[in-house]
Amino acid sequence: MRLLKLSALLVAAGVALWSAGSQAAEGAAEPKQISWPHDGFFGTFDRAALQRGFKVYQEVCHACHAAKYLTFRSLADLGFNEDEVKALAAAYTVTDGPDENGEMFERPARPSDTMPSPFPNPQAARAANGGAYPPDLSLMSKARHDGDNYVFSLLTGYDDPPAGEELAPGQYYNHYFPGHRIGMPPPLMPDQITYDDGTPATVDQMASDVTQFLAWAAEPKMEERKQTGIKVMLFLIVLTVLLYLYKRKVWADVH
Ligand code: HEC
């Protein structure tokens, strides 16, 4: 019995050591800590940044990454009016059908459509990216630990590999990616896009804007959630005061 317990302990210790080792090998730098306008209890999204971030997503990231939960209609939330949303949607083509002959057909996207994927299937996405799969970005900010800071750090975290480290073809060195070898080429170059509001398109600016856009995409109702939280807190405070006064009144005559 004792022996059994001892060997179980040894196995547990071995597993712990082994996983600590593999974590260290996988190590990635802690993401840069940025203070985002939408952070905290009262934080709200910066609409101008979201619109710029959407442009970065459209013109850069969407070449490889889908955002299958993003409907064009929801872009009204970024401050686009109805006609602008229609025009944004109509720039994309979606497959619809079948029609009365049983054929699928293509048509311009409508506000009720979701953003079409850049690739027809995951195999095509991998084939175009040297075997690496560009994941869907709709929920990326929530899917990674410290998501906003991670996405920003990843986009600005490319570097030459340390001396003596060889990269396979199609691999790039990134301080923040687990294992440091990522199959995504550095996506952002200075002045790669032209912002409609004249903001200079530095790499940090584009990375910050697209990070904020992805934070919104992953939780478009965040502001409502926070507002509900604030209302509930106010309600509870008022209720507490009223109950206290009521208690004082009830006990006032008791000596
Ligand atoms: C040329 C194609 C390409 C472009 C353009 C591109 N990516 Fe990627 N991205 C990839 C590939 C491929 C991967 C998977 C990398 C891997 O697993 O090694 C990836 C992975 C990612 C990841 C996930 C990292 C993780 O933790 O798994 C994020 C986040 C990301 N990209 C964000 C972006 C953003 C934001 C943009 C636009 C600024 C962008 N990408 C542009 C190809 C691309």
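See the structure printed just above.
An account of the accompanying structure is given in this report. (Residues numbered from 1 in each chain as written. Predicted model: local features only at pLDDT ≥ 70, side-chain atom pairs only at ≥ 80, totals over all residues. Heavy atoms only, no water.)

## Observations regarding the coordination of the iron atom of the ligand
So, point 1. Ligation of the iron atom of the ligand by protein atoms is provided by His 65 (NE2) and Met 184 (SD), these donors lying 2.0 to 2.1 Å from the ion.
So, point 2. Its 6 donor atoms give the iron atom of the ligand angles of 86 to 179° at the centre, a pattern that matches the octahedral case. Of this pair, His 65 sits in the loop between helix H2 (47–59) and helix H3 (82–90) while Met 184 sits in the loop between strand S5 (181–182) and helix H7 (203–218); the two residues are 119 residues apart in sequence, bridging distant segments of the chain. (Donors = N, O, S within 2.8 Å, 3.2 Å for Na, K, Ca; no water. Tetrahedral: all angles 85-135°; square planar, octahedral: opposite > 155°, others 65-115°. Helix = DSSP H or I, 4+ residues; strand = E, 2+ residues; numbered from the N terminus.)

## Some remarks on the layout of surface pockets
So, point 1. Empty space within the largest pocket amounts to approximately 610 Å³.
So, point 2. In terms of lining residues, the largest pocket is bounded by 29 residues, among which His 65, Pro 135, Leu 154, Ile 182 and Met 184 are the most central.
So, point 3. Listed by contribution, the elements that provide at least two residues to the lining of the largest pocket are helix H6 (147–155) and H7.
So, point 4. Sorting elements by how many residues they give to the lining of the largest pocket places H6 first, with 4 residues. (1 Å grid on protein atoms, 1.4 Å probe; cavity = no way out; pocket = protein on both sides within 12 Å on 5 of 7 lines; lining within 4 Å. Points joined across faces, edges and corners; volume = space filled by probe spheres on them.)

## Digging into the packing of aromatic side chains
Each aromatic ring pair is characterised by the separation of its centres together with the angle its planes make.
So, point 1. Taken as a whole, this structure holds 7 aromatic pairs when the rule is applied.
So, point 2. Considering the side-chain rings of Phe 54 and Phe 213, the 5.4 Å spacing of their centres and the 45° angle between planes classify their relative orientation as tilted. You can see Phe 54 sitting in helix H2 and its partner Phe 213 sitting in helix H7, a full 159 residues away along the chain.
So, point 3. Relative accessible area serves as the criterion here: at 2%, Phe 54 is assigned to the buried category.
So, point 4. Aromatic side chains Phe 72 and Tyr 92 sit 5.5 Å apart centroid to centroid with 35° between the ring planes, which places their arrangement in the tilted category. Taken together, the positions of Phe 72 in the loop between H2 and H3 and Tyr 92 in the loop between H3 and strand S1 (93–96) put the pair 20 residues apart, joining distant regions of the chain. This pair shows no difference in class: Phe 72 is buried, exactly as Tyr 92 is. (Phe/Tyr/Trp six-rings, centres within 6.5 Å; stacked < 30°, edge-to-face > 60°. Buried < 20%, exposed > 50% of the residue type's maximum accessible area, 1.4 Å probe, protein only.)

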